Amino acid sequence: MALIRAVRGMKDILPPESERWQWVETTAREVFRLYGYRELRLPLLERTELFARSIGTDTDIVAKEMYTFIDRHGDSVTLRPEATAQVVRAFLENRLEKGAGVKKYFLMGPMFRYERPQKGRYRQFYQINCEALGSDAPELDAEVILMLWEILGRLKLSNLRLLVNSLGCPECQEDFKAKLKLFLFSREGWCPDCLRRREVNPLRVLDCKSQTCRELLKTAPVLKDSLCEACSRHYSRVLTLLEQFGIDFEEQPRLVRGLDYYTRTAFEVTAAALGAQDAVAGGGRYNGLIRELGGPDLPGFGFAIGEDRLLEVLPEAEGRSADQSVFLAALGRSALERCLTLVQELRGAGLAAEMDFDGRSLKAQMSLADRLGARWVAILGDRELAAGEIVVRDMKSGSQESIRIMELKSALKNLAAAEEGN
Ligand code: AMP
C-alpha cells in the first residue's frame, strides 16, 4: 500500500534536531524569566473574526493565507496565523488588564499560514512570541529589543542585522498614506494586488513581495518624514537607548511589517545566511490593537522569533546534548532480573539508562548500545552476578573495568560529573 505523507508545507522535527529545538526554547525561557515574562498557553484555533479584525482584511495573511473552516456547529474558525491577536483576546477575556504595571507574557508554538512552501517558509511553522501590554514608554521598546538580542546572543547567532523604523501614530499614518497614495498613483506598473491596495490600504503596497513593485518603491516617500513631534521623540529615544546598550541597528525607512496593527516602533532581525526568507524575528508596537479588540485603550509591544528559521542559522555545534547515557547489557535470565532493578536505580540517580529486554547476544547488545549513543555500557553476566561485580565499558576509549555492583551508581555518577566538568 502507498505510504501516507505529511501535508505539504508541514514537516516532522525529529531527534537529534528536536533536541536543538528544546535547547533554543529552554534558553529563551531562561531569558524571559530574567525579564519577568510568564508563559501563556493558548488554543491553536480561534474565531476567524479575531484575525480579520486585528491583522487587517487587506493583509496577505487574512486575504490569502489563513486556514479557515466551518466547524460542525457552523462557526468559522481559523488555525492561528500569528500570536499577538490571540494574546490580546486572552488578555481581555481573562481580565488580565487589571492592576498596575506592564503585563508581560511569552508564548511558544505552531502558527499556520497557507503560503507557497519553500526553504524557510512553511505552512506550519513555530514562533517564540513575547508581548508586553500596558506601557507606551520607549524604554519598554528598547528593553524588549534588548531581551530579544540577549536570547539571540545566548544562542550564539551572529551576522544578524536589526532593522528599525517608526510607523507613527494613526495621525502620522494618515498623513503618510495621503503622500504614499499620490506617489502610487503617479507611477505605472504595479502588480494587480497593489493596484487594488493603493486604493484601499496603501501601506500594504510597501510589503509587496513582487520584484517590480519593490523596484518602483525605491523612490517612495518614507514614514519618518510624516512623524508628528511626539512620535519623532519616541522614536529617537528608542534609538538612543539601543545605542546606549551597544546594540547595532540600521534604520530601515520602508519597513512596515505585514500586519495592519503596528504603530510607532517596528523592527525586524535578518540573517543573511537565510537567503530569500531572511527574517528570523520581527515585531513592534501595537497601540491601537487592544481597543480595536474591544478592550481599554492600552498600548502594547511584542515580537515573534521564527523558530524554524532560527534553527536553520543556529551554529551546527550548538544545542547538541552531551551524551551521557548508560546501557545495561544483561546476559542471561538472572542478570536481566538484576538489571531491571539497576536500570531504575540509575534513572533514580539522574542518569539516563536503558537496557534490552529481548535476550540479544552480547555482540548484538553492544551494537545496539552503540547505535543508541551510549557513553558507557555496564555488562552483567552470570559469572559477574555470582561475584557481585559488573563490567563498565567506556564506549569512547574502549577501556573497561570490573567494579562492585553496589558501586555502579556512584561510579557512573562520578564519571558523568568528571566529564561534565571538562
Ligand atoms: P510575522 O508574524 O509575519 O511578523 O513573522 C515573524 C517571524 O515568523 C518571521 O520573522 C519569520 O521568522 C517567521 N515566519 C513567518 N512566516 C513564516 C513561514 N511561513 N514559515 C516559517 N517562518 C515564518
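Residues numbered from 1 in each chain as written. Predicted model: local features only at pLDDT ≥ 70, side-chain atom pairs only at ≥ 80, totals over all residues. Heavy atoms only, no water.

A.B. asks: Can you lay out the packing of helix H12 (residues 333-348) against helix H15 (residues 408-421) for me, pointing to particular residues and giving the numbers?
C.D. replies: In contact at an axis separation of 10 Å, H12 and H15 are set at 40° when each is read in the N-to-C sense. When the axes of H12 and H15 are compared, the pair comes out oblique. In this structure, the crossing between H12 and H15 has a hand that is right-handed. Listed contacts from H15 to Leu 342, Glu 345 and Leu 346 of H12 are Leu 408, Lys 409 and Leu 412. When its residues are assigned to classes, the contact of H12 with H15 shows 4 nonpolar, no polar and 2 charged. (Axes fitted to C-alpha atoms, helices over the stretch in contact; angles between N-to-C directions. Helix = DSSP H or I, 4+ residues; strand = E, 2+ residues; numbered from the N terminus. Parallel < 35°, antiparallel > 145°, perpendicular 65-115°, else oblique. Left-handed = near helix turned anticlockwise from the far one by under 90°. Contact = heavy atoms within 4.5 Å. Nonpolar A, V, L, I, M, F, W, Y, C, P; charged D, E, K, R; others polar.)

A.B. asks: Quick rundown of the packing of aromatic side chains? Include the residues and the values.
C.D. replies: Any two aromatic rings considered together are summarised by their centre-to-centre distance and by the angle between their planes. Applying the stated criterion across every chain yields a total of 10 aromatic pairs. Between the aromatic rings of Tyr 67 and Phe 112, the centroid separation amounts to 6.4 Å while the plane-to-plane angle is 80°, which identifies the pairing as edge-to-face. You can see Tyr 67 sitting in the loop between helix H3 (60-65) and strand E3 (68-70) and its partner Phe 112 sitting in strand E5 (residues 103-112), a full 45 residues away along the chain. The two residues Tyr 67 and Phe 112 agree in class, both being buried. For the pair Phe 267 and Phe 301, a centre-to-centre distance of 6.0 Å together with 15° between the ring planes defines the contact as stacked. (Phe/Tyr/Trp six-rings, centres within 6.5 Å; stacked < 30°, edge-to-face > 60°. Buried < 20%, exposed > 50% of the residue type's maximum accessible area, 1.4 Å probe, protein only.)

A.B. asks: Describe the sheet that holds strand E15 (residues 389-394), and please don't skip the residues or the numbers.
C.D. replies: Spatially, E13-E12-E14-E15-E16 is the arrangement adopted by the 5 strands of the open sheet, whose pairing is mixed. The open sheet has two edge strands with one neighbour each: strand E13 (353-355) and strand E16 (400-404). Pairwise comparison of adjacent strand axes, ignoring direction, gives a mean angle of 25° for this sheet. In terms of strand pairing, strand E12 (residues 326-330) meets strand E14 (residues 376-380) through 5 bridges, oriented parallel. Following the sheet pairing, Ala 330 is matched in E14 by Leu 380. Strand contacts of helix H13 (residues 362-371): E12, E14 and E15, with the helix running at about 170° to E12, the strand carrying the most contacts. Running at roughly 165° to E14, H15 makes contact with E12, E14, E15 and E16 of the sheet. (Pairing = 2+ DSSP bridges.)

A.B. asks: Could you give an account of helix H6 (residues 170-185), naming the residues involved and the relevant values?
C.D. replies: In this model, H6 (16 residues) spans 22 Å end to end at C-alpha, consistent with the 22 Å of a helix rising 1.5 Å per residue. If you check which residues of H6 are buried, you get Cys 172, Gln 173, Phe 176, Leu 180, Phe 183 and Leu 184. In an axial view of H6, the angular spread of the buried residues amounts to 95°, which keeps them on one side of the axis. Residues of H6 that are exposed and angled more than 90 degrees away from the buried face: Glu 171 and Leu 182. (Expected span 1.5 Å × (residues − 1). Arc of directions from axis to C-beta.)

A.B. asks: If you had to explain unusual backbone geometry to someone new, which residues and values would you point to?
C.D. replies: Geometrically, the link from Pro 15 to Pro 16 is a cis peptide bond, its omega value of 5° lying close to zero. Locating Pro 16 in the fold gives a position in the segment before helix H1 (17-35). For Arg 95, which is not a glycine, the phi torsion comes out positive at approximately 55°. Within the element layout of this structure, Arg 95 appears in the loop between helix H4 (84-93) and E5. With a relative accessible area of 48%, Arg 95 lands in the partly exposed category. Phi is positive for Lys 156, close to 65°, though the residue is something other than glycine. Checked against the element boundaries, Lys 156 lands in the loop between helix H5 (138-154) and strand E7 (160-166).

A.B. asks: Kindly report on the sheet that holds strand E11 (residues 300-306), identifying the contributing residues and their values.
C.D. replies: Pairing is mixed across the open sheet formed by 8 strands, whose spatial order is E1-E5-E6-E11-E10-E9-E7-E8. The open sheet has two edge strands, strand E1 (38-39) and strand E8 (250-251), and neither has a second partner. When E7 meets E8, the two strands line up parallel, connected through 2 bridges. Each residue of the ladder has a partner; that of Leu 163, found in E8, is Glu 250. Of the strands in this sheet, E5, strand E6 (124-133), E7, strand E9 (263-271), strand E10 (279-285) and E11 touch H5, which is tilted by about 20° from E11.

A.B. asks: Could you give an account of empty space enclosed by the protein, naming the residues involved and the relevant values?
C.D. replies: According to the stated counting rule, one finds 1 cavity of 30 Å³ or more in the structure shown. Approximately 40 Å³ is the volume attributed to the largest cavity. Taken together, Leu 167, Gln 173, Leu 203, Arg 204, Val 256, Leu 259, Asp 260 and Tyr 262 make up the full set of residues lining the largest cavity. Classifying every residue of the lining of the largest cavity by side-chain character gives 5 nonpolar, 1 polar and 2 charged. (1 Å grid on protein atoms, 1.4 Å probe; cavity = no way out; pocket = protein on both sides within 12 Å on 5 of 7 lines; lining within 4 Å. Points joined across faces, edges and corners; volume = space filled by probe spheres on them.)

A.B. asks: Before we move on, could you go through the pattern of salt bridges and cite the residues and values that matter?
C.D. replies: Applying the stated criterion to the full structure yields 40 salt bridges. Close ionic contact of Asp 141 with Arg 285 constitutes a salt bridge, the shortest N to O distance being 2.7 Å. Taken together, the positions of Asp 141 in helix H5 and Arg 285 in strand E10 put the pair 144 residues apart, joining distant regions of the chain. Under the relative-accessibility criterion, Asp 141 is labelled buried at 0%. Each member of the salt-bridge network shares a partner with another, and the members are Asp 60, Lys 64, Glu 115, Arg 121, Asp 193, Arg 197 and Lys 209. (Salt bridge = Lys/Arg side-chain N within 4 Å of Asp/Glu carboxyl O.)

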